[in-house]
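Architecture and fold: a report
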Amino acid sequence: MKNPTLEFKIDGPFSVGKTKLLGLLEEISASELSTNTIYLTSESILANKIDEIWDESNCKIDLVNLQNILDSISNIDTGIAIFSDKTKVQIIIPPIPIPKDIISIGADVTELIELIQSDISIGVILVRLGHYAIGILENGTLVDSKTGSRYVKRSHRAGGSSQRRFERSRERLIKEMLDKTCEETMNLFDNFGKNINYLFMGGEKHTLQRFSKTCRYLSKLDTIKLDRVLEVERPSRKTLTQIHRQVWNSRVITIHHVG
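With that out of the way, let us pick up the overall build of the protein. Of regular secondary structure, the protein possesses nine helices and eleven strands. Counting across all 259 residues of the protein, residues that qualify as buried make up 48%.

As structure tokens, then:
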């Protein structure tokens, strides 16, 4: 553990788009302060490889504080990039996975720039009760999509046999909508002429959980599915044309040395 008496002020996490992140990386690269760089894959974080890497990093923040910060953050299945100097530590959680661990003396921003400028295909599935939107993005552009809606009755509290009939009818409608969403996902993705590199899902939590359990096709996509859930009010083609901004968001945490 290094410098256990130092105090810190934590800002974030803040979501930043591609343009703001590139600006931040330019600032880090141009800084006259001596900066060290660490890239950690999610696998290395899970395997606690951060312990051995941290000893080589010569960072002022101690490992316990870093691990406490990481434990408080959800969805870091894409790994982290850490840039540290004498005044602060900046942690960046990119939108897509970091491919390898790196320790560098100096500000090595090249890996992260290449990552967020990757020429890749991203699948998106957005689901809320009554609506679905499925799309494929390339370089921030929607290149193919399928959207639809199915009427789903709102739940009520009538009680008795009427309530049971209503719930059976509602369950049937929900199942039909989710089955249709699964079918359209399979058709769209399988007919796409290239490999889909990563998959994002978005919408209402409980509906997504049910969809993930009932759509067998999703098991084929487990290896490319990322944990971060996109926030969507209503799935539609318009939503798909704008979703690339949220897909490519990175999260930034800055830890300032104040003691």
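Now that the structure has been shown, we can carry on.
If you look at the biggest cluster of nonpolar residues, it comprises 33 residues, and the most contacted ones within it are Phe-83, Ile-92, Val-124 and Val-247. Looking at this core, the elements with two or more residues in it are α1 (18–30), β3 (80–84), α5 (110–116), β6 (121–128), β7 (131–138), β9 (198–203) and β10 (225–230). Among all residues touching Ile-92, those that are not within four sequence positions of it are Leu-21, Leu-24, Leu-25, Gly-79, Ile-80, Ala-81, Phe-83, Leu-112, Ser-250, Arg-251 and Val-252. Counting residues in hydrophobic clusters, the runner-up holds 22 residues, among them Leu-178, Cys-182, Phe-189 and Ile-224.

This paragraph deals with the sheet that holds strand β2 (residues 36–40). Sheets are built from strands that pair by backbone hydrogen bonding, the pairs being arranged parallel or antiparallel. Within the open sheet, the six strands sit side by side as β1-β11-β4-β3-β2-β5. Their pairing is antiparallel. Of all the strands in the sheet, just β1 (8–16) and β5 (102–105) have a single pairing partner and so form its edges. For this sheet, the mean angle separating the axes of adjacent strands, direction not counted, is 10°. Pairing analysis gives seven bridges linking β1 to strand β11 (residues 250–257), with the strands arranged antiparallel.

Let's shift gears to the sheet that holds strand β8 (residues 141–149). The strand order across the open sheet formed by five strands is β8-β7-β6-β9-β10, and the pairing between neighbours is mixed. Two strands bound the open sheet, and with one partner strand each, they are β8 and β10. Here the average twist between neighbouring strands, direction ignored, is 15°. With respect to the sheet, helix α7 (residues 205–214) is in contact with β6, β9 and β10, its orientation differing from that of β9 by roughly 135°.

Most of strand β4 (residues 88–93) sits inside the fold, with five of its six residues counted as buried. The sheet contact formed by β3 and β4 spans four bridges and is antiparallel. Across the sheet, Ser-84 pairs through a bridge with Val-89, a residue of β4. Joining the antiparallel neighbours β3 and β4 is a turn of three residues. Here β4 runs beside β11; their pairing, made up of six bridges, is antiparallel. Paired with Val-89 across the two strands is Ile-255, which belongs to β11.

Another point: the state of the cysteines. As used here, a disulfide is simply a covalent bond connecting the sulfur atoms of two cysteines. Going through the model one piece at a time under the given rule, you end up with one disulfide. Through a disulfide, Cys-182 is tied to Cys-215; the S-S separation comes to 2.1 Å. Since a negative S-S torsion denotes a left-handed disulfide, the Cys-182-Cys-215 link at about 75° is right-handed. You can see Cys-182 sitting in helix α6 (residues 160–190) and its partner Cys-215 sitting in the loop between α7 and β10, a full 33 residues away along the chain.

Now for the packing of aromatic side chains. Here the distance between the centres and the angle between the planes together describe a pair of aromatic rings. Within this structure, the stated rule accounts for one aromatic pair. Relative to Phe-83, the ring of Tyr-39 has its centre 6.2 Å away and its plane inclined at 85°; by these criteria the two rings are edge-to-face. Within this pair, whereas Tyr-39 is found in strand β2, its partner Phe-83 is found in strand β3, the two being separated by 44 residues in sequence. In this structure Tyr-39 comes out as buried when scored by relative accessible area, which is 1%. Given the relative accessible area of 2%, Phe-83 is considered buried.

Turning our eyes to something else, we now look at the confidence of the model for the protein. The predicted structure's coordinates, where accompanied by low pLDDT, should not be read in detail. In this model, the protein carries an average pLDDT of 86, and 84% of its residues clear a pLDDT of 70 or more. Note on residues 1–5: pLDDT is under 50 here. Beyond four places in sequence and across chains, it has twelve contacts.

So, on to α7. Taken together, the buried positions of α7 are occupied by Thr-207, Leu-208 and Phe-211. On an axial view of α7, the arc spanned by its buried residues comes to 100°, and they lie on one face. The exposed residues of α7 that point more than 90 degrees off its buried face are Lys-205, His-206 and Lys-213. Between a side-chain oxygen at the N-terminus of α7 and the backbone nitrogen of His-206 the separation is 3.2 Å; the capping residue is Glu-204.

Conventions and cut-offs
Residues numbered from 1 in each chain as written. Predicted model: local features only at pLDDT ≥ 70, side-chain atom pairs only at ≥ 80, totals over all residues. Heavy atoms only, no water. Helix = DSSP H or I, 4+ residues; strand = E, 2+ residues; numbered from the N terminus. Buried < 20%, exposed > 50% of the residue type's maximum accessible area, 1.4 Å probe, protein only. Core = buried A, V, L, I, M, F, W, Y, C linked by side-chain atoms within 4.5 Å. Contact = heavy atoms within 4.5 Å. Pairing = 2+ DSSP bridges. Axes fitted to C-alpha atoms, helices over the stretch in contact; angles between N-to-C directions. Disulfide = S-S within 2.5 Å. Phe/Tyr/Trp six-rings, centres within 6.5 Å; stacked < 30°, edge-to-face > 60°. pLDDT = per-residue confidence, 0-100. Arc of directions from axis to C-beta. Polar contact = N/O pair within 3.5 Å; in protein donor to acceptor, adjacent residues only side chain to side chain.

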